[in-house]
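Spelled out from the first residue to the last, the chains are:
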Amino acid sequence: MSAYVVGLTGGIGSGKTTVSNLFATHGTVVVDTDVIAHQLTAPGGEAMPYIIAEFGPNVASSNGALDRAAMRQRVFADPAARQRLEAILHPMIGDQAMQACTSAHSAYVLLVVPLLVETRGWKKRCDRILLVDCDEATQIGRVMARSNLGETEARAILATQASRQERQAAADDIIDNDLGKLELAARVETLHRAYLGYAKSKNFKPSVEISRQIAQN
Ligand code: ATP
């Protein structure tokens, strides 16, 4: 069971998946809240009966998964609908993520939360916050290269997220992902070693004999 949780965050396209894959190569268990959200809304997903009860059958595709395009339209036009969707999904994501963290068998867990800085509740579940940071221009370039979004749409998404400064202020550690992928791997390795040390200190439980000696001195 892993008790030490490193929360990993960063803006859209900053490199969270790339970085978490590098941590996984060191044997670290990665718990990704985006992956959990997709599972909950996949065909047969646990959240689907609640979402259909709340929004009607039109937000589900014929295979029973969430129709993301239909749902996006609903929440885009109606902020209250977004809140209703989040009220269903967020507690489920939180429960499943924490269960996965506590049952993980690595020295520490990497908990990937894109909106960690923006969402109350996540920060206090993390022992440490790691930010994947990059220049806005790099971020926009990577988002555009990966999807069919134009620059205006990419900028509009960035505008809905915390600013780079807000994220930096909340972070204990920062990975500069303007660097190439080789430098990135080296930085991850350094942080991995540090996290092993932090986790060991936190999980250290003195034996009864040592506790007695400490109490006597
Ligand atoms: P999202 O917010 O959409 O989930 P993300 O933060 O997980 O994205 P990635 O998917 O890891 O970001 O990276 C976005 C794109 O940028 C990918 O195509 C990835 O290959 C590329 N990329 C990430 N880091 C680097 C890097 N250091 N050098 C070059 N390309 C990179």
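Our focus in this paragraph is the site of the ligand. As a matter of local geometry, the ligand sits amid 15 residues, with Lys16, Thr17, Thr18, Arg146 and Asn177 nearest to it. Separating an oxygen atom of the ligand from a side-chain N or O atom of Lys16 is a distance of 2.7 Å. Between Lys181 and the ligand, the recorded distance is 3.3 Å, taken from a side-chain N or O atom to an oxygen atom. Of all the elements in the fold, those that place two or more residues in the shell around the ligand are α1 (16-24), α6 (136-146) and α9 (181-203). Per element, the largest residue contribution to the shell around the ligand is 3 residues, and it comes from α1. Classifying every residue of the shell around the ligand gives 3 nonpolar, 8 polar and 4 charged.

Turning next to the packing of aromatic side chains. The tally for this structure, following the rule as stated, stands at 3 aromatic pairs. Aromatic side chains Tyr108 and Tyr195 sit 5.5 Å apart centroid to centroid with 70° between the ring planes, which places their arrangement in the edge-to-face category. Here Tyr108 is found in the loop between α5 (79-103) and β3 (109-112), whereas its partner Tyr195 is found in helix α9, with 87 residues between them in sequence. Classification of Tyr195 by relative accessible area gives buried; the value is 0%. Consider the rings of Tyr195 and Tyr198, whose centres lie 6.1 Å apart with planes at 50°: the pair is tilted. Highlighted residues: Tyr195 and Tyr198, both in helix α9, separated by 3 residues, approximately one helical turn. Taken together, the aromatic side chains of Phe23, Tyr108, Tyr195 and Tyr198 make up a single cluster linked through ring pairs.

This brings us to the pairing of strand β4 (residues 128-133). Among the 6 residues of β4, 6 are classified as buried, and the element is accordingly described as predominantly covered. As paired strands, β4 and strand β5 (residues 173-176) are joined by 4 bridges and run parallel to one another. Among the inter-strand pairings, Leu131 is bridged to a residue of β5, identified as Ile174.

Right, let's talk about the packing of helix α2 (residues 33-40) against α5 for a bit. Relative orientation of the contacting elements α2 and α5 amounts to 120°, with a least axis distance of 10 Å. The orientation of α2 with respect to α5, classified from their angle, is oblique. Between α2 and α5 the crossing geometry is right-handed. Every residue of α5 that contacts α2 at Thr33, Ile36, Ala37 and Leu40 is listed here: Leu89, Met92, Ile93, Gln96 and Ala97. Residues that form the contact of α2 with α5 fall into these classes: 7 nonpolar, 2 polar and no charged.

Procedures and definitions
Residues numbered from 1 in each chain as written. Predicted model: local features only at pLDDT ≥ 70, side-chain atom pairs only at ≥ 80, totals over all residues. Heavy atoms only, no water. Near = heavy atom within 4 Å. Polar contact = N/O pair within 3.5 Å; in protein donor to acceptor, adjacent residues only side chain to side chain. Helix = DSSP H or I, 4+ residues; strand = E, 2+ residues; numbered from the N terminus. Nonpolar A, V, L, I, M, F, W, Y, C, P; charged D, E, K, R; others polar. Phe/Tyr/Trp six-rings, centres within 6.5 Å; stacked < 30°, edge-to-face > 60°. Buried < 20%, exposed > 50% of the residue type's maximum accessible area, 1.4 Å probe, protein only. Pairing = 2+ DSSP bridges. Axes fitted to C-alpha atoms, helices over the stretch in contact; angles between N-to-C directions. Parallel < 35°, antiparallel > 145°, perpendicular 65-115°, else oblique. Left-handed = near helix turned anticlockwise from the far one by under 90°. Contact = heavy atoms within 4.5 Å.

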